[in-house]
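Survey of secondary and tertiary structure
Chain by chain, the residues run as shown.
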Amino acid sequence: MKKPIFFTPGPSQLYPTVEKHIKTAFEENIPSISHRSARFHEIFQSAIKRIRKLLGVPNSYAIFFLSSATEAMERIIQNTVEKKSFHFVNGSFSKKFYQIGIDLGKNSCAENLEMGEWCDIKNVRIIPDAELITFTQNETSTGVSIPIKDIESISVRHPKILIAVDIVSSVPYVNLPFEKLDCVFFSVQKGFGLPSGLGVLIVSPRAVEKANFLKNRGLSTGSYHSFDALYKQYQKYQTPETPNVLNIYLLEKITKDMLHKGIQNIRNETDEKAALLYDFIESRTDFSLFVNNSQIRSKTTIVISTPHGSQEIIQFAKNRGYILGSGYGEMKDRQIRIANFPAHNMKNLKKLLNIFNHL
Ligand SMILES: *Cc1c(COP(=O)(O)O)cnc(C)c1O
């Protein structure tokens, strides 16, 4: 049987070159090499260099490898917040970030927004003594994408507060002003089209300083994955623990492939595929778009309301070799989510839309 195409919003379709790179990795014995070896240093250093180049990360920012994006949320709270954090909550992933603050015993506040909506940023009041503000730039649960200019305006209004941005389902498409941000993170099983089990956390010098300040005051910033421990190893092209060496190797290869393709081409193709998909859904009477405001509709996670239920449609597509995402959580049976990542090509997207035409 033909291999199915995964349009699920994570884990998702593998980037087309992943299989080839895995084969090479085995030929090169990557799964057996020591994480203290020169070969690993080389892979680490090159992966960091390419992530920097692809996403436009300043040289002064450190890049850490973790196990997941969820871990990044916990590490960020532990290392940058003594007492108070402030979270924009507009879906399940942003809510998780807020909840981690609470679980770690912080005085975390949330600006709670309606699902599928965003706010007028000028009217949001941030508690003045917040130490960290968090944004989930692309809410994978609802398909809302926060405008970058809104994140920037908060940074300009509150220059002393650290800013964290979750870009798990918008990387590498999203184009961020890193100088205005402090902690930016993602995992690799969505936009990079890799197997799961690797998180990447990008931190500003200010965030590293804040972690040291907390640590020097005798507060706990964690243990082997405190910013301090990660930073010391990072400077030696290493990680505190034995990391996911195979996935770091693959990320190095995929960022190389993406750089070769060109980030602008990736962004343009993402825009073109999103436009096709959105126009198609808008032309249908049996579907509607969950996010009403077109300005905040995600280009990388398209959430479709299906008033007559989603499971039959998902099954129909599955029988034809296309795996779609259900709605998230409570919306499971009422929505379909379709990912639009670099691994998804126009040809397959058109075939998927043709399947919808035969419903
Ligand atoms: C999937 C996702 C996460 C969680 O990623 P893990 O790698 O499972 O920890 C966090 N934030 C967003 C926006 C996501 O889409």
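To be clear, the structure that these remarks concern was listed above.
Reading the values: rules and limits
- Residues numbered from 1 in each chain as written.
- Predicted model: local features only at pLDDT ≥ 70, side-chain atom pairs only at ≥ 80, totals over all residues.
- Heavy atoms only, no water.
- Buried < 20%, exposed > 50% of the residue type's maximum accessible area, 1.4 Å probe, protein only.
- Helix = DSSP H or I, 4+ residues; strand = E, 2+ residues; numbered from the N terminus.
- Pairing = 2+ DSSP bridges.
- Right-handed = clockwise from strand over helix to strand, strands pointing away.
- Near = heavy atom within 4 Å.
- Polar contact = N/O pair within 3.5 Å; in protein donor to acceptor, adjacent residues only side chain to side chain.
- Areas by Shrake-Rupley, 256 points an atom, 1.4 Å probe, with all protein chains shown as cover.
- Nonpolar A, V, L, I, M, F, W, Y, C, P; charged D, E, K, R; others polar.

Here the focus is the pairing of strand E3 (residues 84–89). Burial within E3 is extensive, with five of its six residues counted as buried. In the sheet, E3 pairs with strand E4 (residues 107–112) via six bridges, with the strands oriented parallel. Across the sheet, the residue bridging to histidine 87 is alanine 110, located in E4. The β-α-β motif built from E3, the intervening helix H4 (residues 92–103) and the parallel element E4 has right-handed crossover chirality. Inspection of the sheet shows E3 paired to strand E5 (residues 132–136) by three bridges, in the parallel sense. Pairing of histidine 87 across the sheet is with threonine 134, part of E5.

Let us look at the sheet that holds strand E14 (residues 325–326). Judged by pairing direction, the sheet is antiparallel, and its four strands sit side by side in the order E11-E12-E15-E14 without closing on themselves. The two strands at the open ends of the sheet, each matched to only one other strand, are strand E11 (288–289) and E14.

Let us now look at the site of the ligand. Surveying the vicinity of the ligand reveals 13 residues, the closest of which are Thr70, Thr140, Asp166, Ser187 and Lys190. One nitrogen or oxygen atom from the side chain of aspartate 166 is found 2.6 Å from a nitrogen atom belonging to the ligand. At 2.6 Å from an oxygen atom of the ligand is found a side-chain nitrogen or oxygen belonging to lysine 190. Relative to its free-state accessible area of 380 Å², the ligand is covered by the protein chains to the extent of 88%. Of all the elements, helix H3 (residues 69–80) adds the most residues to the shell around the ligand, at three residues. Looking at the shell around the ligand residue by residue, the classes come out as four nonpolar, seven polar and two charged.

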